[in-house]
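Architecture at a glance
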Amino acid sequence: MAEQIEKEDYILKIKNLRRIYKDDDGADVEALEDVSLNVKRGEFISIIGASGCGKTTLLRSIAGLDKPDSGSIVMDDHKITKPDPERGYVFQQGGLFNWLTVEQNIAYGLKTRKIYKEKKSEVPKYIELVGLNGFEDSYPYQISGGMAQRVAIARTLINDPKMLLLDEPMGALDSFTRADIQDKLLELHKFNGITMVLVTHDIDEAIYLSDRIVIMTPRPGKISNIIEVNIPHPRQRGEAEFLAMRRKLLQEFDLATAHPEPEYNI
Amino acid sequence: MIKKSSIVYGFSLSITGFLIAALLNALIPITADVEITEYSVAGITVDINSTYRAVLIVLSAIFLVSGLISLKDHDKWKKYVKGAPIRFASGIALLVWDILGTKWQLLPQPFFPGPAGIVEAFLIEPQFVLENTLYSLRLYAAGFALGVVFGVGTGILVGWFPKVYYWVTPVLKVTGVIPAVAWMPFALTLLPTPFAAAVFLIVICVWFPVTSLTSQGIKSTPKVQFEAARTLGSNTLDLVFRVAVPHALPQIFTGISTANAFAFTTLVMAEMMGQPGGLGYYINLSKVWSAYYKVFAAIVVMAVLFSFITAILERVEKYALRWQKGLVR
């Protein structure tokens, strides 16, 4: 996907993004400080970093769920100001509508966009795509966490998004289910060519999935490095290249956190 | 497989209680000085005792049929068997009451007529009892339906708009604790008909609990659900009616069933205080003539009617909340 000739084809341009929160004591906390990042069309990009580094804030800003204090996010020449189905968002958990069946959850976007009648036949295709045949009429409480995340992915995909934003979607799953969903994501990325932006704190997951890995550091939240992963797919978690990349990333983290500013609050 | 002993146990307890009551009603002579009037119902001459026995036989027939139906399903049968002892006990209680109230009249009369005595009310004036029952039903239906509609509507506004919440909640808190019938004098003078006045009172008593629980349900919707809905292309109306309201449904139904109980109380009190009809009116009217068997008859009708309404509401709730964990077994 990362072909040299298409280097200029950026789907997303983030420029000088700044976001300040007030913490409980009313003090300013810089969640994002001067973050700039370009995302190529069709790329799988991961954002990793310790908690509080602003990775979720960055993802939410791309989604339009969070408003930056300054800077801009431009997608295909229009500025992002609010959420839009062209940017699908998969939450860590709790995003499904409990009162709707699997089928109704997946069809939700069609209904709110008022194209359900024309596109009704799409729904079974997406149920098939995420392998949930036979669970169409189940309610969220009746299915497992892994299945719930597949539903969450399917209901964003039915909107034909240009980009999928994944906010630690495997964070609450056991390791077998996690590997299963990771493969599903790779498969979707390969066949649909959707640009994917994944937020995670799992280094292995980032290496396994991504074309590029963005490393962020906290206080203030900023990008410390961007690393290209040039291992051919399918990647094996035990092979030398993978482990070398892993070591490299861990070193990056050591460097990134080697000199924390001494900060004592008494 | 359902065991044979379970079948014998379930059916015999469910049916024999009522049959024994009917049998002994026929066998035990009336020793007290009671005048037994004969009535003609659809060309058949009956008295209170034969009608009462017919009621008992119908009851046991109902339980026979419902038992036969529940035999098909193991869980349903288990539920049926669980209810068997209470059915038997009900039959025996009716028997004792019949003997004390009608046969020997050991209970203070005319305050405590036997079950056969109560039946007399339905023989003397079936048309009048029916009219009053329908009047109550109309009053209830109009008041309850309007109250739920207004309550859910107000609840959505209060739960969704912080400004409305700020201004309306104090009013709700203060006025919500006032029993609705306290407004009776105003309702009767300000509204054109007594019927409208009573509807108004029921609406008020339903409105408050439904409003406060609906708004609670709306307010407690997790942020992530709204955010998910927005990224899927929802507009504000979708957020309210496709996310917040369905999420609030369990609370809305809690409000509705609370309101239902309030509505029965308000209904009967309103009728007793100034209505041209209704079961409460019928009780008042009968009390004046010391016709306590008619008072009991009205109470029996209320018990049956209100249980029926409550059961329907429970069914609706169970269906509407079938997506909730732990609700469907």
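Look a little higher up for the structure.
Presented here is a report on the structure given in the accompanying data block. From a predicted model like this one, the values you see are computed outputs, not experimental measurements. (Residues numbered from 1 in each chain as written. Chains lettered and ligands numbered in written order. Predicted model: local features only at pLDDT ≥ 70, side-chain atom pairs only at ≥ 80, totals over all residues.)

**A closer look at the packing of helix α5 (residues 126-160) of chain B against helix α10 (residues 236-274) of chain B**
Residues and elements named next belong to chain B. Two numbers describe how α5 lies on α10: the axes approach to 8 Å, and their chain directions differ by 145°. Crossing of α5 over α10 shows right-handed handedness. Touching S136, L139, Y140, G143, F144, G147, V148, G151, V152, I156 and W160 of α5 are V240, A244, V245, I252, G255, I256, A259, A263, L267 and E271, all from α10. By residue class, the composition of the contact of α5 with α10 is 15 nonpolar, five polar and one charged. (Axes fitted to C-alpha atoms, helices over the stretch in contact; angles between N-to-C directions. Helix = DSSP H or I, 4+ residues; strand = E, 2+ residues; numbered from the N terminus. Left-handed = near helix turned anticlockwise from the far one by under 90°. Contact = placed C-beta atoms within 7 Å. Nonpolar A, V, L, I, M, F, W, Y, C, P; charged D, E, K, R; others polar.)

**Some points on helix α6 (residues 175-192) of chain A**
Residue and element names in this part refer to chain A. Counted at 1.5 Å a residue, the expected span for α6 with its 18 residues is 26 Å, and the 25 Å between its end C-alpha atoms agrees. Within the sequence span of α6, burial applies to R178, I181, L185 and H189. In an axial view of α6, the angular spread of the buried residues amounts to 80°, which keeps them on one side of the axis. Every exposed residue of α6 that faces more than 90 degrees away from the buried side is listed here: F176, E187, K190 and F191. On the buried face of α6, the contacting elements are β3 (44-48), α5 (145-157), β8 (195-200) and α7 (203-209). Looking one or two residues past α6, G193 carries a phi angle of roughly 65°, positive in sign. (Expected span 1.5 Å × (residues − 1). Buried ≥ 20, exposed ≤ 12 C-beta atoms within 10 Å, placed from the backbone. Arc of directions from axis to C-beta.)

**So, the sheet that holds strand β5 (residues 78-79) of chain A**
Residue and element names in this part refer to chain A. Read across the sheet, four strands follow the order β2-β1-β4-β5 without closing on themselves; strand pairing throughout is antiparallel. For this open sheet the edge positions go to β2 (28-40) and β5, each flanked by a neighbour on one side alone. Sheet topology note: the strand β4 (residues 70-75)/β5 ladder contains two bridges and is antiparallel. Looking at β5, one finds that M75 is bridged to H78. (Pairing = 2+ DSSP bridges.)

**What to know about the pairing of β4(A)**
Residue and element names in this part refer to chain A. The pairing of strand β1 (residues 10-22) with β4 spans five bridges and is antiparallel. Paired with R18 across the two strands is S70, which belongs to β4. The loop that links β4 with its antiparallel partner β5 comprises two residues; one of these, D76, has a positive phi angle of about 45°.

**Some remarks on the sheet that holds strand β10 (residues 222-228) of chain A**
Residue and element names in this part refer to chain A. Here six strands make up an open sheet; going across it, the order is β6-β7-β8-β3-β9-β10 and the pairing mixed. Whereas interior strands pair on both sides, the edge strands pair on one side only; in this sheet they are β6 (87-90) and β10. The average undirected angle you get between the axes of adjacent strands in this sheet is 20°. Relative to β8, β3 runs parallel, the two sharing five bridges. Paired with I47 across the two strands is V199, which belongs to β8.

As far as function goes, none of this settles anything; it's purely spatial.
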